[in-house]
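Here is how the chains run, residue by residue.
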Amino acid sequence: MSNLDLDPTPTRCGGEADTGPVKELLTGRQVRLGESTEVRRLLPNLGRRMVGAWCFVDHYGPDDIADEPGMQVPPHPHMGLQTVSWLHEGSVLHRDSLGSLQTVRPRELGLMTSGRAISHSEESPREHARLLHGAQLWVALPDSHRHTAPAFEHHADLPTVDAAGLHATVILGALDGATSPGTTYTPLVGADLTLREGAHHRLPLEPGFEYAVLSMTGSVDVDGVRVEPGSLLYLGCGRRELPLLARTDGSVLLLGGLPFEEHLVMWWNFIGRSDEDVRQAREEWMSGTRFGEVHGYDGRRLPAPELPPLPLKPRGRVR
C-alpha cells in the first residue's frame, strides 16, 4: 500500500468530520503506482482528508495485465499507520522486513501494522490472472499505538452478512453483528457489499461514526445518489441506516469510524504528529536504519522524495 508520488505534498489531517448527514461525491485523481499500475486516489482529497481513521483510499482496475508484469512496487517504508490490501480480481505477493511472504487473493484481508517502522514490497506473482482490480486503504494509528511493534496479518476467511440480493464481507471492525478478526486500534468498520440488480436495502449504521462509500463495480444508488466505479461518496455522521439500491449488479466498499480527533501530518508513506517526525523518518529510511530490509524482491528499494523546505504544522478540527 504505497504512495509513489515523486513530489508528494504534506497533508494536514484530523478532526474534520461533518456533525450531520451529508452527501459529498468525490472523484479521484490519476496517480501512477509502480511500473505499470495506475490508480484513482480518493483520499486524501481536496476538502476531505479522512473518514474516521481511514486516511488513504486508492481504487485501481480492472486492468488487463495478461501480457504485463502487473503491480510492481519496490520496497518502501511506512510508519504510524495500517495498510489494508483488498482485491476483487488478481493477486498480490506481499513481502516485508519482518520476513513475511504472503500472496493475498480476492476478498482476503492482508493487514500490515507499521507501528514505529516497517518496510515492504508488493508485486503481481510471475504467473498471474488476466485482470487486476482492487483497493488500497490506510488506517491512521492513534497516538497511543503509533509506536507499537510492526506486524502482518493474513485472514483468508472473513465473516459475512447475507440478505436478499446482498452479500457483505466484513473487512475490519463490525457490521450488523459480524466482526472481523483483523486488529484495529480505533472504532471503525470496513465492509465489501456485493448487490444483485434490483436489491434494495437499508443497512444499519452506527450514528456516532462518519461514513463513506467507494464504488468498485456496477451502478448503485447510495441514499439516492448514483455512485459509479472509482468514485467516493462521503456521508458524514448521524446516520442510523443507509439506503442502497442496485441499478445493476454491483459492489461497493463501506468505510466508517469515529471521527479522528488527533492532529496528523501525512507525507509520502509516513504519518506523524509533526514536521520533525516525517523529516526524521525520511532521513532514517535513506540511511538504511529503523525500517529494516525486505529480502527476495528483484530490484532496488525506493528512494524517498525530497521534502519541501518549509515545515508544515498539523491542523486540528475544521468547522
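Visitor: Sorry, what's going on with the sheet that holds strand S21 (residues 225–227) here?
Guide: Sheet strands line up and pair through hydrogen bonds in the backbone, either parallel or antiparallel. Reading across the sheet, the four strands line up as S18-S23-S20-S21 and stay open at both edges, with antiparallel pairing between neighbours. The sheet is open, and its two edges are formed by strand S18 (200–204) and S21, each paired on a single side. Shown here is a sheet whose adjacent strand axes are inclined to one another by a mean of 30 degrees, direction ignored. Sheet topology note: the strand S20 (residues 220–222)/S21 ladder contains three bridges and is antiparallel. Counted as the bridge partner of Val-220 is Val-227 from S21.

Visitor: Mind showing me how you'd approach unusual backbone geometry here?
Guide: Most peptide bonds take the trans form, and the phi angle of most residues other than glycine is negative. In the segment running from Leu-43 into Pro-44, the intervening peptide bond is cis, with an omega of -5 degrees. Turning to its location among the elements, Pro-44 is positioned in the loop between strand S4 (37–43) and strand S5 (54–64). Going from Gly-61 to Pro-62, the amide bond is cis rather than trans, its omega being 0 degrees. For Pro-62, the position within the fold is in strand S5. Within the chain, Asp-176 stands out as a residue other than glycine whose phi angle is a positive 50 degrees. Secondary-structure assignment places Asp-176 in the loop between strand S15 (166–175) and strand S16 (178–179). Look at Asp-176 and you get exposed, because its relative accessible area is 52%. Look at Trp-268: it is not a glycine, yet its phi comes out positive at around 55 degrees. Looking at the secondary structure, you find Trp-268 in the loop between strand S25 (264–267) and strand S26 (270–272). Residue classification places Trp-268 among the buried positions, given a relative accessible area of 3%.

Visitor: When you look at the pairing of S18 in this model, what are you seeing that I'm missing?
Guide: Moving residue by residue along a regular strand, the side chains alternate between the two faces of the sheet. Here S18 shows a buried face lined by His-201 and Leu-203 and an unburied face lined by His-200, Arg-202 and Pro-204. Of the pairings in the sheet, the one linking S18 to strand S23 (residues 241–246) comprises five bridges and is antiparallel in character. When the bridges of S23 are listed, Leu-203 appears paired with Leu-242.

Visitor: How do you make sense of the sheet that holds strand S9 (residues 101–104) when you look at a structure like this?
Guide: Strand order in this open sheet of four strands is S6-S11-S8-S9, and the pairing throughout is antiparallel. Single-partner strands in this sheet number two, and they are strand S6 (72–78) and S9. The sheet shows a mean angle of 20 degrees between the axes of neighbouring strands, taken without regard to direction. Alignment of S6 against strand S11 (residues 118–123), held across five bridges, turns out to be antiparallel. Paired with His-76 across the strands is His-120, a residue of S11.

Visitor: I tried to follow the packing of aromatic side chains on my own but got confused; where do I start?
Guide: Two measures describe an aromatic ring pair: the distance that separates the ring centres and the angle between the ring planes. Using the criterion set out here, one finds seven aromatic pairs in the structure. Relative to Phe-291, the ring of Trp-285 lies with its centre 6.1 Å away and its plane at 85 degrees, an arrangement referred to as edge-to-face. Trp-285 sits in the buried class, given a relative accessible area of 1%. Given a relative accessible area of 1%, Phe-291 falls into the buried group. In textbook terms, an aromatic cluster arises when at least three aromatic residues are bridged by ring pairs, as seen for Trp-267, Trp-268, Phe-270, Trp-285 and Phe-291. Taking the ring centre of Tyr-234 as reference, the NZ or CZ of Arg-48 above it sits at 3.8 Å. The ring centre of Trp-285 lies 3.9 Å from the NZ or CZ of Arg-301, which sits over that ring.

Cut-offs used in this document
Residues numbered from 1 in each chain as written. Predicted model: local features only at pLDDT ≥ 70, side-chain atom pairs only at ≥ 80, totals over all residues. Heavy atoms only, no water. Pairing = 2+ DSSP bridges. Helix = DSSP H or I, 4+ residues; strand = E, 2+ residues; numbered from the N terminus. Axes fitted to C-alpha atoms, helices over the stretch in contact; angles between N-to-C directions. Buried < 20%, exposed > 50% of the residue type's maximum accessible area, 1.4 Å probe, protein only. Phe/Tyr/Trp six-rings, centres within 6.5 Å; stacked < 30°, edge-to-face > 60°. Lys NZ or Arg CZ within 6 Å of the ring centre and 35° of its normal.

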